[in-house]
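Survey of secondary and tertiary structure
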Amino acid sequence: MTSAFLQSIPEVAVNPDSGASRATATAEPAPVPSASSGGGFGRRSFLRTTMAGAATLAFTGLGWLSGGGTAHAAVGRKSRHPAHCMNVNVPGDTPCWGRDYIAAKYCAADGYHRTDTKNFGTYTHKYNWEAACDGYAGWYWKTRDGRTVHCWDGYFDLKKNGRTTRHTTSCKSK
């Protein structure tokens, strides 16, 4: 099968020539397989196999990019990373990082990120949590003096004049 495929590739003979004349290539056309042959590895089979292989590689690559299939069962608003977020230790006592806004005002009464909607008259804030820390909703931080600070990731959608913009937040609770 493979040798038949290799035999069907035409040979190109090029005569090196210097000067004004151009080199010419001569090749015989490849034989056209008959429709009734029924056997062998045809062009369509080759394309199907190639596409299936490419799709498999693409999905495998996406699995590697997404963290290798790490399971985060039952990720919820109270799921906390077991250490610093993605093991990034920002120097100093800066426990919550990487968000547009960081403050205790983004925490609900239970200490986790708020999930309510607040109307300010001409605009509204719709708050929600998100699993932004390697698939977790939050993490903890130990300060130099031994205090534990919790960071819970989320956002609020600002709705004003018919437009919505998203702002990332972190609930910083102690």
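**Here's the deal with the overall build of the protein**
Check the secondary structure of the protein and you find two helices and eight strands. Taken from N to C terminus, the helices and strands of the protein fall in the order α-β-β-α-β-β-β-β-β-β. Taken across its 174 residues, the protein has 21% of its residues classed as buried. For the protein, the share of sequence-separated contacts (at least 6 apart) that also reach a separation of at least 24 residues comes to 58%.

**Structural notes on the pattern of salt bridges**
All told, the structure shown has five salt bridges when counted by the stated rule. Across the pair Arg-114 and Asp-116 runs a salt bridge, and its minimum N-O distance is 2.8 Å. For Arg-114, a relative accessible area of 15% gives the class buried. When its relative accessible area of 31% is taken as the criterion, Asp-116 is described as partly exposed. In this structure, the salt-bridge partner of Arg-147 is Asp-145, at a minimum N-O distance of 3.2 Å. In this structure Arg-147 comes out as partly exposed when scored by relative accessible area, which is 37%. Connected through salt bridges with shared partners, the residues Arg-99, Glu-130 and Asp-153 form a single ionic network.

**With respect to the packing of aromatic side chains**
Going through the model one piece at a time under the given rule, you end up with six aromatic pairs. Between the aromatic rings of Phe-120 and Tyr-123, the centroid separation amounts to 4.9 Å while the plane-to-plane angle is 20 degrees, which identifies the pairing as stacked. Phe-120 gets classed as partly exposed once you look at its relative accessible area, which sits at 35%. Ring geometry for Tyr-127 versus Phe-156: centroids 5.8 Å apart, planes at 55 degrees, classification tilted. Taken together, the positions of Tyr-127 in strand 5 (residues 123–129) and Phe-156 in strand 7 (residues 148–160) put the pair 29 residues apart, joining distant regions of the chain. For the residue pair Tyr-127 and Phe-156, the accessibility class agrees, reading buried in each case. Through pairs of rings, three or more aromatic residues link up here, namely Tyr-101, Tyr-106, Tyr-127 and Phe-156. Sitting over the ring of Tyr-127, Arg-114 keeps its end group 3.9 Å from the ring centre. The lysine or arginine in question, Arg-166, covers the ring of Tyr-155, its NZ or CZ lying 3.7 Å from the ring centre.

**Notes on the state of the cysteines**
Under the criterion given, the structure shown has one disulfide. For Cys-107, the disulfide goes to Cys-171, at an S-S distance of 1.9 Å. Handedness of the Cys-107-Cys-171 disulfide follows from its S-S torsion of about 105 degrees: it is right-handed. Of this pair, Cys-107 sits in the loop between strand 3 (101–103) and strand 4 (117–119) while Cys-171 sits in strand 8 (residues 163–173), and the two are 64 residues apart along the sequence. Since its relative accessible area comes to 16%, Cys-107 is described here as buried.

**Quick notes on the confidence of the model for the protein**
Per-residue pLDDT for the protein has a mean of 75; in total, 61% of the residues score no lower than 70. Low confidence marks residues 66–73, where pLDDT is under 50. Its contacts with residues over four positions away, or in another chain, come to five contacts.

**So, the environment of Thr-122**
With respect to the element layout, Thr-122 can be found in the loop between strand 4 and strand 5. Sequence-distant contacts of Thr-122, that is, excluding residues within four places in its chain, are made with Lys-159 and Lys-160.

Reading the values: the criteria
Residues numbered from 1 in each chain as written. Predicted model: local features only at pLDDT ≥ 70, side-chain atom pairs only at ≥ 80, totals over all residues. Heavy atoms only, no water. Helix = DSSP H or I, 4+ residues; strand = E, 2+ residues; numbered from the N terminus. Buried < 20%, exposed > 50% of the residue type's maximum accessible area, 1.4 Å probe, protein only. Contact = heavy atoms within 4.5 Å. Salt bridge = Lys/Arg side-chain N within 4 Å of Asp/Glu carboxyl O. Phe/Tyr/Trp six-rings, centres within 6.5 Å; stacked < 30°, edge-to-face > 60°. Lys NZ or Arg CZ within 6 Å of the ring centre and 35° of its normal. Disulfide = S-S within 2.5 Å. pLDDT = per-residue confidence, 0-100.

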